[in-house]
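Tertiary structure, described
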Amino acid sequence: MLTRRNFIKKMLFSLAVLAGGAGIGAPYIRRWIAQADSEEEPVVKPQNEEPVSAKTEPSTEKQLSFFLLSDLHISVGESSMTDKLHMALKDISDWETPIDAVVLGGDLTDFGRESDYKLLRSILNQYTLPPLYANMGNHDYYDIWLTEEGAFSTETMPNGKTDAMSRQRFQDFIGYKDRPYADVWIQGVHLIMVSQELYVQEKSDVGEGAWYSDAQLDWLRECMKAHEDGKPAIVFIHQPLPEIGSDGRTHQLIRAKAFREILAPYRNVFVLSGHTHRNFINEDHYNRQNTFHWFNNASVGRTRSVLPGQSSTAAQGLYVEVYGHQVVLKAREFSDRSWIESAQWTIPLEFT
């Protein structure tokens, strides 16, 4: 590479040759060359390569904790479910660390009557609780089966009532304005309450399955767009999903293929369901076959006995902690305030 100093020296040497005939003395030429040698060569700094951004380690701080209480089945005609809910709420109220939310995961009531919701409200009001959220289950529509006298009658269904009346009672109870589904961000974590929108009075072929309208599925699709960066999404449903590749039937999420398609592009999605009343003891409640993590909750009001044919005193729910690097889920037995050791999971979050 020809530096500035070498260029000047070569130029002066050429001048010296030419100057011989022009009468310019050699001493002058030597002085110019010496001056050129004495000048400092400027330092040329190499261009830096593109800076490599340091990988940010995810925080290990806890962002959010909540309880999922599914299948309360509160009814003015049955005190056992009321007693079990009291067990759960007393346990939660005495929690040593702050709990950020309680989600009621469908079948809040046994029949969805105004009197059932009033009873549920009176129970909840006895405790200091974090914010409450909920979605609907099939039993929250059951008022259509009851006559004016309160008798269960399939022959006279809908007994002068409508699914719209059941939806409105639920929405009035939980505080949703225009629809039975909602989402909320709490401390950077997204809770998405998907909800059964109708029952057999409006769509006779749904049976006990969960029907989601195009409008609700479009809403869910929009909700999920906020998770392109991998932020955790917690999606609550009531009825469980059918086998992969199929839509559901009665007692299942009916439009399951569309539901799975919406969630498929995203990582760190957790789907929490209820409805089955399965006991956490001796059963695996974590389904690993989907693109998301699916956990099936037990029931506060009607968890099945581990011994077939026997009544159950169990009252169970799911406690969830969301951290920057993982999600921890732990099954809780409220009747004796104990953890169920066989039903605890720690799921690391995926980062690109």
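In this text, all values refer to a predicted model and were calculated from it rather than measured experimentally.

What about the confidence of the model for the protein chain?
Close reading of the predicted structure is inappropriate where its pLDDT is low. Mean pLDDT over the protein chain stands at 89; residues scoring 70 or higher make up 84%. The model gives residues 11-29 a pLDDT under 50, and that stretch makes seven contacts with residues more than four places away or in other chains.

Structural notes on the packing of aromatic side chains
All told, the structure shown has 19 aromatic pairs when counted by the stated rule. Seen from their ring centres, phenylalanine 67 and phenylalanine 334 are 5.7 Å apart, and the 50° between their planes marks the pair as tilted. One end of the pair, phenylalanine 67, is in strand E1 (residues 62-69); the other, phenylalanine 334, is in the loop between strand E11 (326-333) and strand E12 (338-348), with 267 residues separating them in the sequence. Residues phenylalanine 67 and phenylalanine 334 agree in their burial class; the two are buried. An angle of 40° between the planes, with centres 5.7 Å apart, marks the rings of tyrosine 319 and tryptophan 339 as tilted. With a gap of 20 residues between them, tyrosine 319 in strand E10 (residues 316-323) and tryptophan 339 in strand E12 connect regions that are remote in the sequence. Judged by its relative accessible area of 2%, tyrosine 319 is buried. Through a chain of ring-to-ring contacts, three or more aromatic side chains come together here, namely Phe111, Tyr141, Tyr142, Trp145, Phe152 and Tyr199. Lysine 330 extends its terminal NZ or CZ atom over the ring of tryptophan 339, reaching a point 4.1 Å from the ring centre.

Let's talk about the nonpolar core
One finds Phe66, Leu69, Leu191 and Leu272 to be the most contacted residues of the largest nonpolar core, which totals 71 residues. Residues contacting phenylalanine 66, with those up to four places away along its chain left out, are Ile99, Ala101, Val103, Leu191, Ile234, Phe236, Leu272, Leu318, Tyr319 and Val320. Residues Val235, Leu263, Val271 and Trp294 belong to the second largest nonpolar core, which totals 24 residues.

As for unusual backbone geometry
The residue after methionine 157, namely proline 158, is reached through a cis peptide bond having omega 15°. The phi dihedral of glutamine 187 is positive, around 50°, even though this residue is not glycine. Residue position: glutamine 187 is located in the loop between strand E4 (182-186) and strand E5 (189-193). By relative accessible area, which is 51% here, glutamine 187 ends up exposed. Not every positive phi belongs to a glycine, and histidine 275 is a case in point at roughly 80°.

Let's talk about a nonpolar patch on the surface
A contiguous nonpolar patch, built from Ile281, Val306 and Leu307 and spanning about 240 Å² of accessible area, is present on the exposed surface. Positionally, leucine 307 belongs in the loop between strand E9 (293-296) and E10.

Quick look at the sheet that holds strand E3 (residues 132-135)
Taken together, six strands build an open sheet; the order of strands is E3-E2-E1-E10-E11-E12 and the sheet is mixed. Sheet topology places E3 and E12 at the edges, where each strand pairs with a single neighbour. The mean inter-strand angle of the sheet, taken between neighbouring strand axes irrespective of direction, is 20°. Note: strand E2 (residues 101-105) against E3, four bridges, orientation parallel. Bridge assignment links valine 102 to a residue of E3, and that residue is leucine 132.

Considering the pattern of salt bridges
In this structure the tally under the stated criterion is 17 salt bridges. Put simply, arginine 337 and aspartate 94 hold a salt bridge, and the shortest N to O gap is 3.0 Å. Note that arginine 337 is positioned in the loop between E11 and E12 and aspartate 94 in the loop between helix H3 (79-93) and E2, a separation of 243 residues in sequence. Put simply, lysine 225 and glutamate 222 hold a salt bridge, and the shortest N to O gap is 2.8 Å. Residue class for glutamate 222 comes out partly exposed when judged on its relative accessible area of 48%. A single salt-bridge network, built from bridges that share partners, covers Asp91, Asp94, Arg332 and Arg337.

So, how was this worked out
Residues numbered from 1 in each chain as written. Predicted model: local features only at pLDDT ≥ 70, side-chain atom pairs only at ≥ 80, totals over all residues. Heavy atoms only, no water. pLDDT = per-residue confidence, 0-100. Contact = heavy atoms within 4.5 Å. Phe/Tyr/Trp six-rings, centres within 6.5 Å; stacked < 30°, edge-to-face > 60°. Helix = DSSP H or I, 4+ residues; strand = E, 2+ residues; numbered from the N terminus. Buried < 20%, exposed > 50% of the residue type's maximum accessible area, 1.4 Å probe, protein only. Lys NZ or Arg CZ within 6 Å of the ring centre and 35° of its normal. Core = buried A, V, L, I, M, F, W, Y, C linked by side-chain atoms within 4.5 Å. Patch = residues over 30% accessible without salt bridge, like charges linked within 9 Å, V, L, I, M, F, W, Y side chains within 5 Å. Areas by Shrake-Rupley, 256 points an atom, 1.4 Å probe, with all protein chains shown as cover. Salt bridge = Lys/Arg side-chain N within 4 Å of Asp/Glu carboxyl O. Pairing = 2+ DSSP bridges. Axes fitted to C-alpha atoms, helices over the stretch in contact; angles between N-to-C directions.

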